[in-house]
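# Chain and residue survey
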Amino acid sequence: TRLSALSSETTTGVKRNPNLAKLGAGYLFPEIGRRRREHQEKNPDAKIISLGIGDTTEPIPKVITDALQGAAAGLNTKEGYSGYGAEQGMGGLREKLADRFYGGLGIGSDEVFVSDGSKCDISRMLMLFGADTSIAVQDPAYPAYVDSSVIMGATGTLNEETSQYKNIVYMDCLKENGFFPDLSKVGKTDLIFFCNPNNPTGACASREQLQALVDFAKRNGSIIVYDAAYAIYIEDGSPKSIYEIEGADECCIETCSFSKYAGFTGVRLGWTVVPNKLKFSDGTPVNRDWNRIMTTCFNGASNIVQAGGLACVTDDGFDAMMGLVTYYKENCKLIRECFTEMGFEVYGGVNAPYVWVGFEGRPSWDVFAEILEKCDLVTTPGSGFGPSGEGFVRVSAFGNRADVEEAIMRLKDVYGK
């Protein structure tokens, strides 16, 4: 026992990364998972429904799983076996992605880099740009933009009073401004992280708003990191790619993923577009340095998974993906109607799979806890996405229809009176 006590106190001489020490509370979604487990332990018979984390629930379409299975089986044959592939992705998949999602927009296959998902690419982008980079983010926003920036050393410390990090420009996206930032109040930064349709608010920027954003970036010499993870959900004719906007290929990187398109949250496949026209201040093509980052830090997405990606972008595969999207959008409609009928402020849920519900005057984590306690239902507290999310909860449409209908019944029992 004495030896084990001594060994438990033993440390190395290596200092902890001070940037990790800057991080505030635990990353949002593991914290939600912890609270869910705690609630389940206290209420072992409760049937908890999750409309929180935004994980897909419905089976991947057969036309896509057939391709995955075929590629896996092929590895057992001399003809079908393959080892390391190109770090940038299979040539055929890069071409098909360029054609399917950027046809007519001037994006070539050499500008499309296949990866294991947008979240991973966002962190690699911080490596690309380095610690001496100023950053702007939407507020509220997907927390990976801020947390990755903190870890990379691009920010100052956390201000506990405002829940904001020094050296980050927070672009307020509020109901008063239609969840699109007032760019006249935004300072100049090197990078602008912009998710559209937005996670968590579900707001979708118009063509005019996106043109204003691109013009703003070009005036300031900034680069926009445009997260289009939910673009396939847009139904009102708004741009689905930033490259539909004039000048965007000179100031924008776009990242996207099959996670919410084809149910690949566990399969893992995404892509990032880095146009050849995009250059650093010294004239170096960003594409060239991104290629170096990818070939240094990444061995390429799984060859099996890329075969599934190829199936996704066929006509049959794309139609099947749209079937999934339609299913989740129908969930969204039910959730929106539920909260609207109960008299809540409701935003999003039309061009995005998230419904943003206002509980004015109440802390988001308190509302999260109350809904979990009274409805056995997991949502996501709006303040977890930034201080401008306070007073809201995000309700995800990613769920089985029966679970969504049951969740609505429980919500109406508690809040519909």
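In this report, the structure presented in the accompanying data block is examined. (Residues numbered from 1 in each chain as written. Predicted model: local features only at pLDDT ≥ 70, side-chain atom pairs only at ≥ 80, totals over all residues. Heavy atoms only, no water.)

Before going further, it helps to examine the overall build of the protein. Per the secondary structure count, the protein includes 14 helices and 15 strands. Here the C-alpha radius of gyration of the protein, 22 Å, is about what a compact globule of 417 residues would show, namely 22 Å. Along the three orthogonal principal directions, the C-alpha set of the protein runs to about 65 × 60 × 50 Å. Taking all 417 residues of the protein together, 53% fall into the buried category. (Helix = DSSP H or I, 4+ residues; strand = E, 2+ residues; numbered from the N terminus. Rg over C-alpha atoms; globule rule 2.2 N^0.38 Å. Buried < 20%, exposed > 50% of the residue type's maximum accessible area, 1.4 Å probe, protein only.)

With respect to topology, 7 strands assemble into an open sheet ordered E2-E10-E9-E8-E7-E3-E6, the strand pairing being mixed. Pairing within the sheet leaves two strands with one partner each, and these edge strands are strand E2 (112-115) and strand E6 (168-172). Taken pair by pair, the neighbouring strands of this sheet meet at an average axis angle of 20 degrees, ignoring direction. Bridge count between strand E9 (residues 252-257) and strand E10 (residues 270-273): 4 bridges; the pairing is antiparallel. In the sheet register, Glu254 faces E10, and the bridge partner there is Val273. Along the sheet face, helix H6 (residues 118-129) touches E2, strand E3 (135-139), strand E7 (191-195), strand E8 (223-227), E9 and E10 and points at about 155 degrees away from the line of E9. (Pairing = 2+ DSSP bridges. Axes fitted to C-alpha atoms, helices over the stretch in contact; angles between N-to-C directions. Contact = heavy atoms within 4.5 Å.)

Counted according to the given criterion, the structure contains 1 cavity of 30 Å³ or more. As for the largest cavity, its lining consists of Gln138, Gly178, Phe179, Phe180, Phe194, Cys195, Asn196, Asn198, Ala203, Cys204, Ala205 and Gln209. Considering only residue class, the lining of the largest cavity consists of 7 nonpolar, 5 polar and no charged. (1 Å grid on protein atoms, 1.4 Å probe; cavity = no way out; pocket = protein on both sides within 12 Å on 5 of 7 lines; lining within 4 Å. Points joined across faces, edges and corners; volume = space filled by probe spheres on them. Nonpolar A, V, L, I, M, F, W, Y, C, P; charged D, E, K, R; others polar.)

This part takes up the sheet that holds strand E12 (residues 354-358). Spatial strand order, E11-E12-E15-E14: 4 strands in an open sheet with antiparallel pairing. Either end of the sheet is taken by a strand with one partner, and the two such strands are strand E11 (345-348) and strand E14 (380-381). Two strands pair when backbone bridges link them, and E12 and strand E15 (residues 392-396) are joined in this way by 5 bridges, in the antiparallel orientation. If you follow Val357 over to E15, its bridge partner there is Val393.

Estimated volume of the second largest pocket: approximately 500 Å³. Lining the second largest pocket are 21 residues, with Lys119, Tyr142, Ser259, Lys260 and Arg268 sitting closest to its centre. At the level of elements, H6 and helix H9 (259-262) are the ones that each hand at least two residues to the lining of the second largest pocket. At 3 residues, H6 tops the list of elements feeding residues into the lining of the second largest pocket. Grouping the amino acids of the lining of the second largest pocket by side-chain chemistry returns 9 nonpolar, 6 polar and 6 charged.

What follows is about the pairing of E3. With 5 of 5 residues buried, E3 is to be regarded as a mostly interior element. Across the two faces of E3 the burial is the same, with Ile135, Val137 and Asp139 and Ala136 and Gln138 all buried. With 5 bridges connecting them, E3 and E6 associate as parallel partners. By the bridge assignment for E6, Ile135 is matched with Ile168. Where E3 lies against E7, 3 bridges are found, and the strand directions are parallel. For Val137, the partnering residue across the bridge sits in E7 and is Phe193.

Attention now moves to the side chain of Ser388. Structurally, Ser388 can be placed in the loop between E14 and E15. Side chain to side chain, Ser388 and Asp139 meet in a polar contact 2.9 Å long. Among the polar contacts made by the side chain of Ser388, one reaches the side chain of Asp172 at a distance of 3.3 Å. Beyond its immediate chain neighbours, meaning those up to four positions away, Ser388 contacts Asp139, Pro140, Asp172 and Leu174. (Polar contact = N/O pair within 3.5 Å; in protein donor to acceptor, adjacent residues only side chain to side chain.)

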